[in-house]
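Spelled out from the first residue to the last, the chains are:
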Amino acid sequence: MKNKRYVLTCMIILLTVVSYFTVEAQQKNVTHRTKFSGEWKTKEPISIGGNIFCSYVEGDRMNSKNIKIVEDTDFLIIENPNSDPGATSTISQEKLIDGKENQINHGQGNKKKFNLKLSADGETMTIKSIVYFMNGTPYNPNVKEQAYTNVTEVWKLSNDGRSITIQSIAKSNIWEGERSWKTVFDKIN
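Residues numbered from 1 in each chain as written. Predicted model: local features only at pLDDT ≥ 70, side-chain atom pairs only at ≥ 80, totals over all residues. Heavy atoms only, no water.

Participant: Before we move on, can you summarise the environment of Thr 149 with the specific residues and values?
Facilitator: Here Thr 149 is to be found in strand 8 (residues 140-157). Overall, the relative accessible area of 0% leaves Thr 149 in the buried class. For the pair Thr 149 and Ile 130, spaced 19 residues apart in sequence, the C-alpha to C-alpha distance is 5.7 Å. A polar side-chain atom of Thr 149 sits 3.4 Å from a polar atom in the side chain of Ser 172. (Helix = DSSP H or I, 4+ residues; strand = E, 2+ residues; numbered from the N terminus. Buried < 20%, exposed > 50% of the residue type's maximum accessible area, 1.4 Å probe, protein only. Polar contact = N/O pair within 3.5 Å; in protein donor to acceptor, adjacent residues only side chain to side chain.)

Written as structure tokens, this is what we have:
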């Protein structure tokens with residue numbers, strides 16, 4: 001009788017240990033995620049796909065066909081070559097912090113407010129931007145008024161981590177309705 005209890009106790013302990021390691025192994029696979037980090041290229045920039053004005057400077061990431069993303073735990077930096085001849089730097093950067101609003105101000109009524117929301121699984125991020133710019137008024141282009149465009153971008157990594165699909169939706173006070181479009185970036189390294 002003592003042997004049966006001893007064997008039963010050993011079996012329970014063995015099953016508990018095996019179950020524990022099985023659960024731990026599965027959790028490690030779940031936390032492994034593909035990152036947005038890397039260099040990416042597209043055929044046409046994000047702003048062109050919607051045929052809209054959603055950036056006011058040439059060096060803005062929304063006008064770029066090539067981007068480099070450096071990702072950390074709660075923020076990421078998007079770098080792109082700045083082809084603006086008057087630019088003081090050859091690289092333009094946007095630092096996006098998860099859950100925090102940031103702003104870039106280029107003066108003369110031109111500014112961009114934006115924020116980032118990273119998904120828990122690390123495969124999706126949402127960037128919401130409001131771009132403010134000075135626009136010529138109808139019938140008198142020398143008189144400028146404040147215009148804006150709201151853009152929501154949902155960035156989704158492919159399962160293999162080799163491409164990013166960006167679904168964008170935009171609204172503005174200078175055109176009617178809502179516009180949506182898709183842009184695909186492919187990883188180049």
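Participant: I'd like a description of the nonpolar core, backed by residues and values.
Facilitator: Judged by nonpolar contacts, the single largest core of 23 residues is most densely connected at Ile 69, Leu 76, Ile 78, Met 125, Trp 155 and Ile 164. Elements with a contribution of two residues or more to this core: strand 2 (66-71), strand 3 (75-81), strand 6 (111-118), strand 7 (124-137), strand 8, strand 9 (163-172) and strand 10 (178-187). With near-sequence residues (within four places) excluded, Met 125 lies in contact with Phe 36, Leu 76, Leu 116, Lys 117, Leu 118, Glu 153, Val 154 and Trp 155. (Core = buried A, V, L, I, M, F, W, Y, C linked by side-chain atoms within 4.5 Å. Contact = heavy atoms within 4.5 Å.)

Participant: I'd like a description of the environment of Lys 100, backed by residues and values.
Facilitator: Within the element layout of this structure, Lys 100 appears in the loop between strand 4 (91-97) and strand 5 (102-105). Between the C-alpha atoms of Lys 100 and Phe 114, which are 14 residues apart in sequence, the distance is 8.4 Å. Residues contacting Lys 100, with those up to four places away along its chain left out, are Phe 114, Asn 115 and Leu 116.

Participant: Give a description of the pattern of salt bridges that names residues and reports values.
Facilitator: Within the structure shown, the criterion is met by four salt bridges. Where Arg 61 meets Glu 94, a salt bridge forms, and the shortest distance between an N and an O atom there is 2.9 Å. Pair noted here: Arg 61 is in the loop between helix 2 (46-49) and strand 2 and Glu 94 is in strand 4, with a separation of 33 residues, a long-range link. With relative accessibility at 3%, the residue Arg 61 sits in the buried group. (Salt bridge = Lys/Arg side-chain N within 4 Å of Asp/Glu carboxyl O.)

Participant: Please provide a residue-by-residue account of the side chain of Ser 163, values included.
Facilitator: Among the secondary structure elements, Ser 163 is positioned in strand 9. Judged by its relative accessible area of 16%, Ser 163 is buried. When residues no more than four places from it in sequence are discounted, the contact partners of Ser 163 are Trp 40, Lys 156, Leu 157, Ser 158, Val 184, Phe 185 and Asp 186.

Participant: Tell me about the packing of aromatic side chains, and name the residues and values.
Facilitator: Scanning the entire structure with this criterion turns up two aromatic pairs. Between the aromatic rings of Tyr 132 and Tyr 148, the centroid separation amounts to 6.5 Å while the plane-to-plane angle is 50 degrees, which identifies the pairing as tilted. On the criterion of sequence distance, the pair formed by Tyr 132 in strand 7 and Tyr 148 in strand 8 is long-range, its members being 16 residues apart. Ring geometry for Trp 155 versus Phe 185: centroids 6.5 Å apart, planes at 10 degrees, classification stacked. You can see Trp 155 sitting in strand 8 and its partner Phe 185 sitting in strand 10, a full 30 residues away along the chain. Each of the two residues, Trp 155 as well as Phe 185, counts as buried. Against the face of Phe 75 rests Lys 95, its NZ or CZ located 4.4 Å from the ring centre. (Phe/Tyr/Trp six-rings, centres within 6.5 Å; stacked < 30°, edge-to-face > 60°. Lys NZ or Arg CZ within 6 Å of the ring centre and 35° of its normal.)

Participant: Explain the sheet that holds strand 7 residue by residue, including any values.
Facilitator: Spatially, ten strands are ordered 4-3-2-1-10-9-8-7-6-5 in an open sheet, and the strand pairing comes out antiparallel. Bordering the open sheet on either side are strand 4 and strand 5, each of which pairs with just one other strand. Averaged over all adjacent pairs, the angle separating strand axes in this sheet is 25 degrees, with direction ignored. Relative to strand 6, strand 5 runs antiparallel, the two sharing four bridges. Bridging from a neighbouring strand, Gln 103 pairs with Lys 113 of strand 6. (Pairing = 2+ DSSP bridges. Axes fitted to C-alpha atoms, helices over the stretch in contact; angles between N-to-C directions.)

Participant: Tell me about a nonpolar patch on the surface, residues and numbers included.
Facilitator: Together, Tyr 6, Val 7, Met 11, Leu 14 and Val 18 line one region of the surface with nonpolar side chains, adding up to about 520 Å² of accessible area. Tracing the backbone shows Leu 14 in helix 1 (residues 2-31). (Patch = residues over 30% accessible without salt bridge, like charges linked within 9 Å, V, L, I, M, F, W, Y side chains within 5 Å. Areas by Shrake-Rupley, 256 points an atom, 1.4 Å probe, with all protein chains shown as cover.)

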